[in-house]
Protein chains: 2
Amino acid sequence: MATIKDVAERAGVALGTASRVLSGSTQTSPDSRARVLAAAAELNYIANGPARALRRARTDVLGLLVSDIRNPFFSELAHAAETEAMRRGYTVILANANEDEAQADEYLRIFAGQRIDGLLLSPQGPLSPRLTSLLASGMPVVLLNRRVAGLDAPLFSTDNAQGVGLVLDWLQAGGHRDVAFVGGPTAMSTGAERLAAYLAGRESHGISTDDALIDSGDFLAGGAAAAIARILDRGVRPTAVFGANGPTTLGVVRGLRERLGVEAASRIEVVSFDNLDWFEFATPPISAVRNDAATIGRLGVAGLIGLIEGRDVASERIETTFVDRRNV
Amino acid sequence: MATIKDVAERAGVALGTASRVLSGSTQTSPDSRARVLAAAAELNYIANGPARALRRARTDVLGLLVSDIRNPFFSELAHAAETEAMRRGYTVILANANEDEAQADEYLRIFAGQRIDGLLLSPQGPLSPRLTSLLASGMPVVLLNRRVAGLDAPLFSTDNAQGVGLVLDWLQAGGHRDVAFVGGPTAMSTGAERLAAYLAGRESHGISTDDALIDSGDFLAGGAAAAIARILDRGVRPTAVFGANGPTTLGVVRGLRERLGVEAASRIEVVSFDNLDWFEFATPPISAVRNDAATIGRLGVAGLIGLIEGRDVASERIETTFVDRRNV
DNA sequence: CTGTTAGCGCATTCAC
DNA sequence: GTGAATGCGCTAACAG
């Protein structure tokens, strides 16, 4: 692999000059500039990132820690974040915490070792010691969609209350009274906020306040199926079910069909936070809050770069829209 | 951030001793070992990756270039690859080519700059100059699922012919004669192989050889919907449709419903290469080849590490299984 | 077993 | 505007 020294030799200039041409801001003569560029092209020169990072004390790499890349919300977010980062000259390292705190911590260690310039974090749980020490070391951090107690960083997140409001309006318009709610872990701000907004708004939307209709899973299909089963076990018979995120709604539909059979399940309307490809094919079609992962990813990266460059960055709430599939 | 020098000072040993304890293979006295470890823990020492990489001329980082992380096949693959890599002491940098050659090339450049130790590649198209020069520089590479002409690297891929065989058996068992096939780009080996296997086997499985029933999209929903529309425009009326990958099947179902209406579409059986969460909810349920992305990712990483460590690595075909949802 | 030293590739400082 | 020299943090080679 060619080094900058090789380039300089071939161009007949000193190493410093080559460096200035290739990455420096300082002026260089048109002549040496042309010769260095030519030499670099001929040698197929690509600067050694680690060496550059060592010298400059920055890597132009951002770390993105999400809970599960297999969740379409996060894969869309990751995709958008990566695109935005690349556009701005940064590279993203993606890590999956698997909704597991220990693994999240391990990745934070790896990120620290790689000397990332900043961290995009969708936290799994409370503030870990490693995260605390990362913050203490001055690492720029932005939060994606989930808040964490004790961490004062800009947050880019869905407007959960607004999204739940759209669902409540839709439920009311459909004349539902007995509505089951399957939420996520209340330890996550997303889970807590969606539940809180639902509880706060149900009465004014003509929805039963019977708490037998409320249960929570783990924001994954398995936990949600178990939650809807528990609700049905209490003897209540909802006419509609609200799943608080994409995987939850998947589990809800599975659970309803297993428990009640396909026929009876098809008489229950399902509505979801997070809009998935297949909702249009369900029986009946599933209406949903469109949760704009791409915007969150894009704004998160922009905010993080702002932080890295020393600017003030404010949190942002991203509005949702609603996809009504009731009468299509 | 503490350096190894700080650790050595605090432990009262020389820099070299600290290095040996922290990452060296050579023996050190239990005493210095304990003191260095204690000092490192107290200082919250995390080795500077770039400096280490510079000196060792390796980064312990693998690059993974996929075509679209939003495709569940790849997000599952990426997840498995990342987990396996971490288990073996490597970090993965994930890049999305967006099914775009120029972007793929740009990422190869970034990978080269980061001095990754090896590359997991799911190629987009033909051999680009940059890929050629990467290979020429001795970069270890394994191919995931897609072959590329002129590149002789170990390939870890689905057994496409075997998977298509399972579909053909299932179609025959269902008594289908008029079957539409919606494939992907034949420039991709995946697309070409699935089509070839289908064409080769259809006659012996009692399926019409009318080529009006065959068309191809881009392995994305949009292209597939257009392809099934073209097929219907030719006046043929299939009783079953075979979608050659997950997004394709999504597009097929959309296209059928748009074109024929929900009622008529529900009388057409759909079968898919790649098994998606929602197939059980479709009307009628969609049977599918389970394409084991996780195994491909895991074996790919294992193979790549083998290459990096100088071992011989053989290509592997991963068998598929079939999820029959016809009579559930 | 341990201390000392060189140098990985680069950006940058200091002379000129 | 350019050349020479320095050192980022670390590992490995060498000498003891």
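Quick look at the structure, then. Small disclaimer: the values here were computed from a predicted structure and weren't measured.

On to the protein's contact with DNA strand C, then. Within the structure, DNA strand C sits among 25 residues, and Ile4(A), Tyr45(A), Arg52(A), Arg55(A) and Ser29(B) are positioned closest to it. Taking the atoms of DNA strand C that fall within 4 Å of the protein, sugar and phosphate contribute 57% of them. The separation between a phosphate oxygen of DNA strand C and a polar side-chain atom of Thr17(B) is 2.6 Å. Note that a phosphate oxygen of DNA strand C is positioned 2.6 Å from one of the side-chain N or O atoms of Ser32(B). At the level of secondary structure, the elements contributing two or more residues to the surface near DNA strand C comprise helix H2 (15-23) and helix H4 (49-56) of chain A together with helix H2 (15-23) and helix H4 (49-56) of chain B. Looking at which element gives the most residues to the surface near DNA strand C, the answer is H2(A), with five residues.

Once that is clear, we can look at the protein's contact with DNA strand D. Looking at DNA strand D, there are 24 residues lining it, with Thr17(A), Ile4(B), Tyr45(B), Arg52(B) and Arg55(B) nearest. Here a phosphate oxygen of DNA strand D sits 3.1 Å away from a polar atom, N or O, in the side chain of Ser19(B). Sorting the residues of the surface near DNA strand D by element identifies H2 and H4 of chain A together with H2 and H4 of chain B as the ones contributing at least two each. Of the residues forming the surface near DNA strand D, the biggest block, five residues, is contributed by H2(B).

The relative placement of two packed helices is expressed as an angle between their axes plus a distance between the axes. Residue and element names in this part refer to chain B. Across the interface, H2 lies against helix H3 (residues 30-43) with an axial gap of 9 Å and an inter-helix angle of 80 degrees. One way to sum up the angle between H2 and H3 is to call them roughly perpendicular. Here H2 contributes Thr17, Ala18, Val21 and Leu22 to the contact with H3, which in turn contributes Ser32, Arg33, Val36, Leu37 and Ala40. Here the contact of H2 with H3 is composed, by residue class, of six nonpolar, two polar and one charged.

This part takes up the relation of the copies chain A and chain B. Rotating chain A by 180 degrees about the axis while translating it 0.0 Å along that axis superimposes it on chain B, leaving an RMSD of 0.1 Å. Classification of the inter-copy transformation places it as that of a two-fold axis. Judged by C-alpha distance, Pro50(A) is the residue of chain A that lies nearest the rotation axis, at 2.2 Å. Here 100% of the contact residues of chain A are again contact residues in chain B; the copies associate through an equivalent surface.

So, on to the layout of surface pockets. Put simply, the second largest pocket is a space of about 1,600 Å³. Taken together, 46 residues form the lining of the second largest pocket, with Arg70(A), Pro72(A), Arg70(B), Pro72(B) and Asp277(B) sitting closest to its centre. Taken together, the residues of the lining of the second largest pocket break down into 18 nonpolar, 10 polar and 18 charged.

What counts and how
- Residues numbered from 1 in each chain as written.
- Chains lettered and ligands numbered in written order.
- Predicted model: local features only at pLDDT ≥ 70, side-chain atom pairs only at ≥ 80, totals over all residues.
- Heavy atoms only, no water.
- Near = heavy atom within 4 Å.
- Polar contact = N/O pair within 3.5 Å; in protein donor to acceptor, adjacent residues only side chain to side chain.
- Helix = DSSP H or I, 4+ residues; strand = E, 2+ residues; numbered from the N terminus.
- Axes fitted to C-alpha atoms, helices over the stretch in contact; angles between N-to-C directions.
- Parallel < 35°, antiparallel > 145°, perpendicular 65-115°, else oblique.
- Contact = heavy atoms within 4.5 Å.
- Nonpolar A, V, L, I, M, F, W, Y, C, P; charged D, E, K, R; others polar.
- Least-squares fit on C-alpha atoms with pLDDT ≥ 70 in both.
- 1 Å grid on protein atoms, 1.4 Å probe; cavity = no way out; pocket = protein on both sides within 12 Å on 5 of 7 lines; lining within 4 Å.
- Points joined across faces, edges and corners; volume = space filled by probe spheres on them.

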